[in-house]
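Chain by chain, the residues run as shown.
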Amino acid sequence: MYKNSLGELKLLPIKLDGKFVFLNDTLRVNGKTSKGDHIKILADHYHIVAGKHLISKGATMVCEMVVRGEKMQIPCYENLACVEDFYDTLSESYKKLFYFGNGNS
């Protein structure tokens, strides 16, 4: 569906709690797969325009991300119009957390 430096985000054919599921469960950092890590985006509604998955007005997105085995939930507070932009933002956050941790150690 959409690729960046961490790998491919796919739209799953099933819904989870009534939300559409976008998932990358094969994250690649430095050419190696990070086992057990994933980025999962849940969206209420979306529609496709010019190949982009735009979030419908009034819909919400939330992310479940696992970084080095640590699970976290990240709501989409920014005014991001499409799933691909949210995935790019999450990918940058994932890389920072993967390399530098969350600062709570």
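Peer 1: Tell me about the overall build of the chain, and name the residues and values.
Peer 2: In terms of helices and strands, the chain carries one helix and ten strands. When the helices and strands of the chain are listed from N to C terminus, the series reads β-β-β-β-β-β-β-β-β-β-α. Computed over its C-alpha atoms, the radius of gyration of the chain comes to 13 Å, within 12% of the 13 Å expected for a compact globule of 105 residues. Principal axes of the C-alpha set define a box for the chain whose edges measure 40 × 25 × 25 Å. Considering only residue pairs separated by 6 or more positions, the chain has 47% of its internal contacts joining residues 24 or more positions apart. Summing over all exposed atoms, the chain offers an accessible surface of approximately 6,400 Å²; the carbon and sulfur share of this is 53%.

Peer 1: Lay out helix 1 (residues 83-100) in plain terms, naming residues and giving numbers.
Peer 2: The terminal C-alpha atoms of helix 1 lie 25 Å apart, and with 18 residues this matches the ideal 26 Å at 1.5 Å per residue to within 8%. For helix 1, the set of buried residues is Val83, Glu84, Phe86, Tyr87, Leu90, Ser91, Tyr94, Leu97 and Phe98. The buried residues of helix 1 occupy an angular sector of 140° when projected down its axis, which confines them to one face. Seen from the buried face of helix 1, the exposed residues on the opposite side, beyond 90 degrees, are Lys96 and Phe100. Phi turns positive one or two residues past the end of helix 1, at Gly101, with a value near 75°.

Peer 1: Provide a residue-level description of the sheet that holds strand 2 (residues 7-16), including the pertinent values.
Peer 2: Taking strand neighbours across the sheet as the criterion, the six strands line up as 1-2-3-6-9-10 in an open arrangement whose pairing is antiparallel. Since the sheet does not close on itself, it has two edges, and those belong to strand 1 (2-4) and strand 10 (70-75), each with one partner. The sheet shows a mean angle of 25° between the axes of neighbouring strands, direction not considered. Bridge count between strand 6 (residues 38-43) and strand 9 (residues 61-67): six bridges; the pairing is antiparallel. Bridge pairing in strand 9 places His38 opposite Val66. Running over the sheet, helix 1 touches strand 1, strand 2, strand 3 (19-24), strand 6, strand 9 and strand 10 and is turned about 25° from strand 9.

Peer 1: Now, about the pairing of strand 8 (residues 52-55): what can you tell me, with residues and values included?
Peer 2: Residue alternation in strand 8 divides its side chains into a buried set, His53 and Ile55, and an unburied set, Lys52 and Leu54. Here four bridges tie strand 7 (residues 46-49) to strand 8, and the two strands are oriented antiparallel to one another. When the bridges of strand 8 are listed, His47 appears paired with Leu54. Between the antiparallel neighbours strand 7 and strand 8 lie two residues, among them Ala50 with a positive phi of about 50°.

Reading guide: rules and limits
- Numbering of residues starts from 1 in each chain and follows the order in which that chain's sequence is written.
- Where local features are concerned, this predicted model is filtered to residues with pLDDT of at least 70; where side-chain atom pairs are given and counted, the filter is 80 or more; whole-chain, interface and lining totals use all residues.
- The basis for the side-chain values is all heavy atoms of the structure; hydrogens and waters are excluded.
- In this text, helices come from DSSP runs of H or I with a minimum length of four residues, and strands from runs of E with a minimum of two, each type numbered from the N-terminal end.
- For this measure, only C-alpha atoms enter the radius of gyration; the expected value for a globule follows 2.2 Å times N^0.38, where N is the number of residues.
- Residue contacts follow a heavy-atom distance rule, with two residues in contact if any of their heavy atoms lie within 4.5 Å.
- Throughout, the Shrake-Rupley method with a 1.4 Å probe supplies accessible areas, and for residues the shown protein chains are the sole cover considered.
- Every helix has an expected span of 1.5 Å times one less than the residues it contains.
- Accessibility here uses a 1.4 Å probe with only protein chains present; expressed as a share of the type maximum, an area under 20% marks a residue as buried, one over 50% as exposed, and anything in between as partly exposed.
- This arc describes the spread of directions from the helix axis toward the C-beta atoms.
- Note on pairing: two strands pair once DSSP finds at least 2 bridges between them.
- Lines fitted to the C-alpha atoms define the axes, with helices restricted to the stretch that makes contact. Angles between their N-to-C directions range from 0 to 180 degrees.

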